[in-house]
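# Reading the structure
Listed below are the residues making up each chain.
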Amino acid sequence: IDKRMLHRIPMGRTDLFKNTIIKTDNPLDVCILVDESGSMGSYTMRSARRAAISMKEALSDNEKMNLWVFGHTADRDTRGDTEMTEYWSPSMQDRPMAMGGMRAKYENRDGTAIVASADRVKAQSHTPATNKLMIIFSDGDPSADRYRGRDAYDHTASCVKHVESRGWNVIQVGFAGAREGTMKHCFKNWIYVPEQDTLADKVSKIIRKVIKV
């Protein structure tokens, strides 16, 4: 990540990430998962959307990386449902501007979305022996029908551990509204970004720490 440029994300720049974000001999599967719950609102959703677009623009042409971008919401039409939207994948070439449609919607069943994202990447990835990195943009607690409070935190934490046992490194990037106690309960690797001008430094440091580059 180019730390000198990333702070310009709120101004709409999309060339903020270096293609050499990670130097590794092994291919890397990267999954960006964006919380599209109603609490993300307009400003927070705009920040998460621009950050995700910037990463996609920089990483999609890197031969060593396979990139997926998903959004998730819940309970829109049927209680108990989790809705996943695929905004980018290695095989998706027909909707290059799809990520501009990310918006705050309904509820968020985080644990279910995390496992669903890992499953989709597994089904679509054809590169053997890859490293795997999931970056989650979120603003707060998991919250959906019959999915709130401690039970939701515990479920999310167990889902994170499950995908980590399958080879994933998982990082939560918490925006406005995220609480340290909840992030610490649900995730081993997390950062809170209260101000956009700190995003570059914090994301760069935690990615390098987690994947050890």
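Residues numbered from 1 in each chain as written. Predicted model: local features only at pLDDT ≥ 70, side-chain atom pairs only at ≥ 80, totals over all residues. Heavy atoms only, no water.

### Topic: the environment of Asp154
- The residue Asp154 is located in helix H3 (residues 149–165) in this model.
- In sequence terms Asp154 and Gly111 are 43 residues apart; their C-alpha atoms lie 9.0 Å from each other.
- Within polar-contact distance, the side chain of Asp154 engages the side chain of His185 at 2.7 Å. (Helix = DSSP H or I, 4+ residues; strand = E, 2+ residues; numbered from the N terminus. Polar contact = N/O pair within 3.5 Å; in protein donor to acceptor, adjacent residues only side chain to side chain.)

### Details of H3
- Under the 1.5 Å per step criterion, the end-to-end length of H3 is 25 Å for 17 residues, consistent within 8% with the ideal 24 Å.
- Taken residue by residue, H3 has Ala152, Tyr153, Thr156, Ala157, Cys159, Val160 and Val163 as its buried positions. The buried residues of H3 occupy an angular sector of 160 degrees when projected down its axis, which confines them to one face. Along H3, the residues that are exposed and aim more than 90 degrees away from the buried face are Arg150, Asp151, Lys161 and Ser165.
- Residues of H3 that are buried make contact with helix H2 (110–124), strand E5 (168–174) and helix H4 (180–186).
- At the exit of H3 stands Gly167, carrying a positive phi of roughly 105 degrees. (Expected span 1.5 Å × (residues − 1). Buried < 20%, exposed > 50% of the residue type's maximum accessible area, 1.4 Å probe, protein only. Arc of directions from axis to C-beta. Contact = heavy atoms within 4.5 Å.)

### Brief notes about the nonpolar core
- One finds Ile32, Val34, Val69, Met99, Met102, Phe137 and Val173 to be the most contacted residues of the largest nonpolar core, which totals 35 residues.
- Elements supplying a minimum of two residues to this core: strand E1 (28–35), helix H1 (41–59), strand E2 (65–74), strand E3 (82–88), strand E4 (131–138), E5 and helix H5 (199–211).
- Counting residues per element, this core draws most heavily on H1, which supplies 7 residues.
- Those residues in contact with Val173 that lie beyond four places of it in its chain are Ile135, Ile136, Phe137, Ser138, Ile191, Val193, Leu199 and Val203. (Core = buried A, V, L, I, M, F, W, Y, C linked by side-chain atoms within 4.5 Å.)

### Regarding the pairing of E4
- Most of E4 is tucked away: 7 of the 8 residues are buried.
- Two elements, E1 and E4, share 7 bridges in a ladder whose sense is parallel. Bridging from a neighbouring strand, Leu33 pairs with Ile136 of E4.
- Examined bridge by bridge, E4 and E5 share 7 bridges and lie parallel to one another. When the bridges of E5 are listed, Phe137 appears paired with Val173.
- Taken together, E4, H3 and E5 constitute a β-α-β crossover, and its handedness is right-handed. (Pairing = 2+ DSSP bridges. Right-handed = clockwise from strand over helix to strand, strands pointing away.)

### Here we look at the packing of H2 against H3
- Closest axis-to-axis distance for the H2/H3 pair is 7 Å, and the angle between their directions is 15 degrees. Compared by their axis directions, H2 and H3 come out roughly parallel. The two elements H2 and H3 meet at a crossing, and its hand is left-handed. Residue-level inspection shows Asp110, Gly111, Thr112, Ile114, Val115 and Ala118 of H2 in contact with H3, the latter providing His155, Thr156, Cys159, Val160, His162 and Val163.
- Tallied by class, the residues present in the contact of H2 with H3 amount to 6 nonpolar, 5 polar and 1 charged. (Axes fitted to C-alpha atoms, helices over the stretch in contact; angles between N-to-C directions. Parallel < 35°, antiparallel > 145°, perpendicular 65-115°, else oblique. Left-handed = near helix turned anticlockwise from the far one by under 90°. Nonpolar A, V, L, I, M, F, W, Y, C, P; charged D, E, K, R; others polar.)

### Some words on the pattern of salt bridges
- Scanning all chains against the criterion turns up 12 salt bridges.
- Notably, a salt bridge pairs Lys56 with Glu57, separated by 3.0 Å at the nearest N-O pair.
- For Lys56, a relative accessible area of 5% puts it in the buried group.
- Notably, a salt bridge pairs Arg148 with Glu107, separated by 3.0 Å at the nearest N-O pair. Linking Arg148 in the loop between E4 and H3 with Glu107 in the loop between E3 and H2, this pair joins segments that are 41 residues apart in sequence.
- A residue is classified by how much of its surface remains accessible, and Arg148, at 42% relative accessible area, is partly exposed.
- Classification of Glu107 by relative accessible area gives partly exposed; the value is 23%.
- Residues joined by salt bridges that share partners form a network here, namely Arg76, Asp77 and Glu83. (Salt bridge = Lys/Arg side-chain N within 4 Å of Asp/Glu carboxyl O.)

### A short note on the sheet that holds E4
- Read across the sheet, 6 strands follow the order E3-E2-E1-E4-E5-E6 without closing on themselves; strand pairing throughout is mixed. Strand pairing shows two members of the sheet lacking a second neighbour, E3 and strand E6 (190–192), which therefore form its edges. Ignoring strand direction, the axes of neighbouring strands in this sheet form an average angle of 20 degrees.
- Where E5 and E6 come together, 3 bridges link them in parallel fashion. Residue Gly174 lies in a different strand from E6, and its bridge partner there is Tyr192.

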